[in-house]
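Letter by letter, the chains look like this.
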Amino acid sequence: MNYTNDQKINILSQSLVEKYKSIHIIRARVQNISISILGILLSISAWLFKSNTSFIDADKCILVIFTMLVWIFITLFYFNDLKKGFNSQRKVSIVIEDELGLFSNKLNLNSEDKKTIYPLSWKNFEEGNFFRNSYLLMGLGFVILMLTIIFIK
């Protein structure tokens, strides 16, 4: 089937909108879950600290190991899957953006300097710091909880 240029642009534009929606949904999900987990972990730490609960060393060891396993499970399985989906959506978006001419001056928007709409650096896929920062944020909560468990008397 042969499409006109207008039809191709329409298809690409609609596809790009869907990719952007997916990217925003994944980012929001990661952010909400990270902040929720941090809040839960800090709440548990505060409760343990205020409750005068004491653990024997064996219990502390088991709780710290369990906390580490939860952290590893959440990071490796849940967030890693979201990261793969996020990155694949971004890679496809870059291809569509390139096809639409957003990285070239093909659109000729009466700009005298003939700059591109998107910076060329955006065309080179880089993972960025979003997931790393989310991991660090959650990691802070897990470390605080583990330290609370270890040093509680």
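In what follows, the accompanying structure is described. These numbers come from a predicted model, not from an experiment. The numbering scheme is per chain: residues are counted from 1 as the chain's sequence reads. At least 70 in pLDDT is required for a residue's local features to be given in this predicted model, at least 80 for side-chain atom pairs to be given and counted, and no such filter applies to totals for whole chains, interfaces and linings, which use all residues. The side-chain numbers reported here are obtained from all heavy atoms of the structure, hydrogens and water having been left aside.

**A few points about the layout of surface pockets**
By volume, the largest pocket is sized at about 360 Å³. In terms of lining, the largest pocket is formed by 14 residues, of which the most central are Ile23, Arg90, Ile94, Glu97 and Trp122. Listing elements by their share of the lining of the largest pocket, those giving two or more residues are helix H1 (5–50) and helix H2 (57–99). Ranked by residue count, the leading element in the lining of the largest pocket is H2, at 5 residues. Points on a 1 Å grid, built from protein atoms alone, make a cavity when a 1.4 Å probe fits but cannot get out and make a pocket when they are open with protein on both sides within 12 Å along at least 5 of 7 lines; residues with an atom within 4 Å of a point are the lining residues. Grid points are joined across faces, edges and corners, and a volume is the space filled by probe spheres set on the points. Only runs of H or I of at least four residues qualify as helices and only runs of E of at least two qualify as strands under DSSP, and these elements are numbered from the N terminus.

**Some remarks on the environment of Thr148**
Positionally, Thr148 belongs in helix H3 (residues 130–151). On the basis of relative accessibility, which here comes to 15%, the residue Thr148 falls in the buried class. In the structure, Thr148 is positioned 101 residues away from Trp47 in sequence and 10.0 Å away in space, judged by C-alpha atoms. Whether two residues are in contact is decided by their heavy atoms: any pair within 4.5 Å suffices. Sequence-distant contacts of Thr148, defined by excluding residues within four places in its chain, comprise Ser45, Leu48 and Phe49. Polar side-chain contacts of Thr148 include one of 2.7 Å to the backbone oxygen of Ile144. Each residue gets one of three labels from its accessible area relative to the maximum for its type: buried under 20%, exposed over 50%, partly exposed in between, using a 1.4 Å probe on protein chains only. Polar contact criterion, stated in full: a pair of N or O atoms within 3.5 Å, where within protein one must be able to donate a hydrogen and the other to accept it, and residues adjacent in sequence count only if both atoms are side-chain atoms.

**Thoughts on the packing of aromatic side chains**
Each aromatic ring pair is summarised here by two numbers: the centre-to-centre distance and the angle between the ring planes. Note on aromatic pairs: the rings of Phe, Tyr and Trp (six-membered ring only in Trp) are paired at centre separations within 6.5 Å, and the planes decide the class, stacked below 30 degrees, edge-to-face beyond 60, tilted for the rest. In total, this model carries 10 aromatic pairs according to the counting rule given. Taking the centre distance of 5.4 Å and the plane angle of 5° together, the rings of Trp71 and Phe142 count as stacked. Note that Trp71 is positioned in helix H2 and Phe142 in helix H3, a separation of 71 residues in sequence. The exposure class assigned to Trp71 is partly exposed, which follows from its relative accessible area of 25%. Given the relative accessible area of 2%, Phe142 is considered buried. Pairing Tyr118 with Trp122 gives two aromatic rings, centres 5.1 Å apart and planes at 55°, and the pair type is tilted. Residue class for Tyr118 comes out buried when judged on its relative accessible area of 17%. These aromatic residues form a ring-pair network of at least three members: Tyr78, Phe79, Phe86, Phe130, Phe131 and Tyr135. Geometrically, a charge over a ring is one whose NZ (Lys) or CZ (Arg) sits within 6 Å of the ring centre while staying within 35 degrees of the ring normal. Between the NZ or CZ atom of Arg27 and the centre of the ring of Phe130, over which it lies, the distance is 4.1 Å. Seen from the ring of Phe125, Lys91 lies directly overhead, with NZ or CZ sitting 5.0 Å from the centre.

**A closer look at unusual backbone geometry**
Not every positive phi belongs to a glycine, and Asn52 is a case in point at roughly 60°. What makes Asn52 exposed here is its relative accessible area of 68%.

**Some words on the side chain of Ser93**
Mapped onto the secondary structure, Ser93 falls in helix H2. Accessibility expressed as a relative area gives 2% for Ser93, which makes it buried. Within the local environment of Ser93, its side chain forms a polar contact with the backbone oxygen of Gln89, the two atoms lying 2.9 Å apart. Ser93 has contacts with Leu16, Lys19, Tyr20 and Ile23, leaving out every residue within four places of it along the chain.

**Digging into the nonpolar core**
What is meant by a nonpolar core is a set of buried Ala, Val, Leu, Ile, Met, Phe, Trp, Tyr and Cys residues, joined one to another through side-chain atoms within 4.5 Å. By size, the foremost hydrophobic cluster in this structure holds 20 residues, and its most contacted members are Val30, Ile37, Phe79 and Phe131. Secondary structure elements with two or more residues in this core: H1, H2 and H3. When residues no more than four places from it in sequence are discounted, the contact partners of Phe131 are Ile26, Val30, Phe79, Leu82, Lys83 and Phe86. If you look at the next biggest cluster of nonpolar residues, it comprises 7 residues, including Leu16, Ile94, Ile96 and Leu102.

Read these as geometric descriptors, not functional statements.
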